[in-house]
Amino acid sequence: MSRVYNFSAGPSMLPLEVLKKAQEEMLDMGGSGQSVMEMSHRSPEFQAVIDKAEATFREIMNVPDNYKVLFLQGGASTQFAMVPLNLAVSKCADYVTTGQWAKKAFAEAKRFITANEIASSADKTFSYLPEVDKSMLTDGADYVHITYNNTIYGTHFNTMPDFGDRTVVTDMSSCILSEEVDFTKFGLVYAGAQKNMGPAGVTVVVVREDLLGKAQDITPTMLDYETHAKNGSMYNTPPTYGIYICGLVFEWIKNMGGVKVMHEKNVEKANLLYDFLDNSKMFKGTVVPKDRSLMNVPFVTGSDELNAKFVAESKAQGLVNLKGHRTVGGMRASIYNAMPIEGVQALVDFMTKFEKENS
Ligand SMILES: *Cc1c(COP(=O)(O)O)cnc(C)c1O
């Protein structure tokens with residue numbers, strides 16, 4: 001078996017242990033004589049799967065009791081509409097635009113409510129995060145939305161802005177489970193699974209209970225958080241197999257020592273790469289150091305020709321999906337929880353060799 005080191009931004013690597021466990025249980029899940037994919041979502045066997053996934057997520061992420069954990073569909077992109085439809089009681093909210101996803105969230109909100117862009121880092125191709133605080137919030141706005149980790153540009157809120165007692169909503173698609181989260185600072189956190197949790201098709205939403213039940217009248221039933229909260233994420237058929245795999249990933253993290261240990265490993269991995277970038281004459285990181293992400297690391301050589309050569313040659317070495325997003329150019333290494341340090345070391349070794357051969 002030869003598995004590559006996959007640096008894709010998403011869908012991305014899953015832990016090998018999780019894939020093996022899924023393989024083991026594929027034909028006969030827990031003595032049921034069927035795969036999870038074939039089970040009725042109303043069966044006690046599947047109820048046990050989703051209950052365990054939720055319990056393990058709550059445990060490893062330390063989710064307070066007054067927050068619901070929902071397993072939804074439609075990706076993080078559907079949250080761009082659900083958030084304003086459900087939370088903007090006075091039809092007004094603030095947005096901080098720090099990348100393509102933040103811009104999409106803002107644009108979608110504008111379809112339903114008065115959305116204000118209170119800060120942006122578009123002026124420097126989103127290579128930093130703007131300073132934001134409670135003095136910038138619009139009086140009477142229902143919430144402020146920030147994108148905690150900007151997947152395309154490789155920025156992350158390394159300090160949580162102080163928004164006072166305003167409800168904060170955040171998109172954690174590309175950093176959920178990578179670090180500890182104090183949920184009491186947020187009204188709602190959402191994340192698509194395919195970056196750091198499991199397969200595409202599941203979206204996890206953690207929402208404070210008092211925010212439920214206030215959706216605008218036009219909100220479709222399926223887009224009302226309360227529909228899913230009241231029905232244990234089983235108002236309709238949930239993405240059963242995806243939830244099962246997410247559950248295995250949560251367990252894997254628990255067995256590794258939890259999210260705190262995961263974070264320490266992520267710091268170690270990211271430092272390895274950033275230290276190399278800071279000392280290289282050929283490769284440069286594109287983000288200001290204080291806002292760097294542990295998960296997504298964009299870098300460039302300064303020459304389109306060398307970038308293309310690097311992407312092609314790294315692929316031949318089993319280091320795949322290193323091409324950067326078209327709006328940044330260059331390269332991007334996404335090094336989520338499932339990327340072992342050996343993968344990052346292999347990348348740094350290859351970059352060292354490439355720099356020697358091409359300078
Ligand atoms: C990938 C991504 C999205 C879009 O997710 P989908 O599940 O494809 O809708 C939104 N926000 C962030 C931060 C992302 O990384």
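Just so it is clear, the structure is predicted and the values come from calculations on it, not from any experiment. Here the residue index of a chain counts from 1 through its sequence in written order. A pLDDT threshold of at least 70 governs which residues receive local features in this predicted model, and a stricter bar of 80 or more applies before side-chain atom pairs are shown or counted, although totals over entire chains, interfaces and linings include all residues. Heavy atoms from the whole structure form the basis of all side-chain values; hydrogens and water molecules are not counted.

Counting from the N terminus, the helices are DSSP H or I runs at least four residues long and the strands are E runs at least two residues long. Helix and strand counts for the protein stand at nine helices and 14 strands. Radius of gyration means the value over C-alpha atoms here, while the globule rule gives 2.2 Å times the residue count to the 0.38 power. Over its C-alpha atoms the protein spans a radius of gyration of 21 Å, differing by no more than 12% from the 21 Å that the globule rule assigns to 359 residues. With the principal axes as the frame, the protein shows a C-alpha extent of 60 × 55 × 30 Å. Here, two residues are considered to be in contact whenever any of their heavy atoms come within 4.5 Å of each other. Summarising the internal contacts of the protein: among those between residues at least 6 apart in sequence, 68% fall at separations of at least 24. Note that accessible areas follow from Shrake-Rupley with a 1.4 Å probe, and for residues the cover is restricted to the protein chains shown. Taken as a whole, the protein presents about 15,600 Å² of accessible surface, with 50% of it coming from carbon and sulfur. Looking at the protein, you have 35 positive and 42 negative side-chain charges, and the mean spots of the two groups are 4 Å apart. In this charge count, Lys and Arg are treated as positive and Asp and Glu as negative; neither His nor the chain ends contribute. Every charge is mapped to an atom, namely NZ of Lys, CZ of Arg, CG of Asp or CD of Glu.

Further remarks concern the environment of E342. Tracing the backbone through its elements, the reader meets E342 in helix α9 (residues 341-357). E342 sits in the partly exposed class, given a relative accessible area of 47%. Separated by 337 residues in the primary sequence, E342 and Y5 place their C-alpha atoms 9.1 Å from one another. Between buried and exposed lies partly exposed: a residue is buried under 20% and exposed over 50% of the maximum accessible area for its type, with that area taken using a 1.4 Å probe on protein chains only.

Time to look at the nonpolar core. Membership of the largest hydrophobic core comes to 59 residues, with the highest contact counts inside it found for F57, M61 and M197. For this core, the leading source of residues is helix α6 (residues 240-256), giving ten residues. Beyond its immediate chain neighbours, meaning those up to four positions away, M197 contacts F57, I176, L177, A191, G192, V204, C246, V249 and F250. To form a nonpolar core, buried Ala, Val, Leu, Ile, Met, Phe, Trp, Tyr and Cys residues must be joined to one another through side-chain atoms within 4.5 Å. Of all hydrophobic cores here, the second largest spans 26 residues; its members include F7, F299, F310 and A338.

On to the sheet that holds strand β14 (residues 331-334). Strand-to-strand pairing in sheets goes through backbone hydrogen bonds, with the strands running parallel or antiparallel. Here we have three strands laid out as an open sheet, ordered β11-β12-β14, and antiparallel in their pairing. Pairing within the sheet leaves two strands with one partner each, and these edge strands are β11 (284-285) and β14. Paired strands are those between which DSSP finds at least two bridges. As defined by bridge partners, strand β12 (residues 296-300) adjoins β14 across four bridges and the pair is classed as antiparallel. Paired with N296 across the two strands is S334, which belongs to β14. Structural elements are reduced to axes, namely lines fitted to C-alpha atoms, with helices fitted over the stretch in contact, and the angle between N-to-C directions of any two is expressed from 0 to 180 degrees. This element, helix α7 (residues 259-279), spans β11, β12 and β14 of the sheet and lies at about 20 degrees to β12.

Take the packing of aromatic side chains next. Pairing of aromatic side chains requires ring centres within 6.5 Å, counting the rings of Phe and Tyr and the six-membered ring of Trp. Pairs whose planes differ by under 30 degrees are stacked, by over 60 edge-to-face, and all others tilted. Tallied over the entire structure, the rule returns 17 aromatic pairs. Centroid distance Y241 to Y244: 5.2 Å. Interplanar angle 50 degrees. Geometry classified as tilted. Of this pair, Y241 and Y244 both sit in helix α6, three residues apart, which is roughly one turn of the helix. No difference in accessibility class separates Y241 from Y244, as the two residues are buried.

Let us look at a nonpolar patch on the surface. Together, M26, L27 and M37 line one region of the surface with nonpolar side chains, adding up to about 320 Å² of accessible area. Along the chain, M26 turns up in the loop between α1 (16-25) and α2 (44-61). Two distance rules govern patches: like charges are joined within 9 Å, and nonpolar side chains (Val, Leu, Ile, Met, Phe, Trp, Tyr) within 5 Å, applied only to residues with over 30% relative accessible area and no salt bridge. The salt bridge definition used is simple: a Lys or Arg side-chain nitrogen within 4 Å of an Asp or Glu carboxyl oxygen.

Before going further, it helps to examine the UniProt feature "binding site: pyridoxal 5'-phosphate" (unreviewed entry) in the protein. UniProt positions are given in the numbering used here, feature names are shortened, and annotations may be inferred rather than shown by experiment. Per the UniProt record, "binding site: pyridoxal 5'-phosphate" (unreviewed entry) is found at A76, S77, W101, T151, D171, Q194, N236 and T237. A maximum C-alpha distance of 30.5 Å among these annotated residues, which run over 162 residues, shows that they spread across the structure rather than meeting at one spot. Of the residues examined, D171 reaches a relative accessible area of 4% and is grouped as buried. The contacts of D171, once residues within four sequence positions are left out, are F80, W101, H145, I146, T147, Y148, N149 and Y190. With respect to the secondary-structure elements, N236 resides in the loop between α5 (225-230) and α6. When its relative accessible area of 28% is taken as the criterion, N236 is described as partly exposed. Those residues in contact with N236 that sit more than four places away from it in its chain are H41, Q73 and M222.

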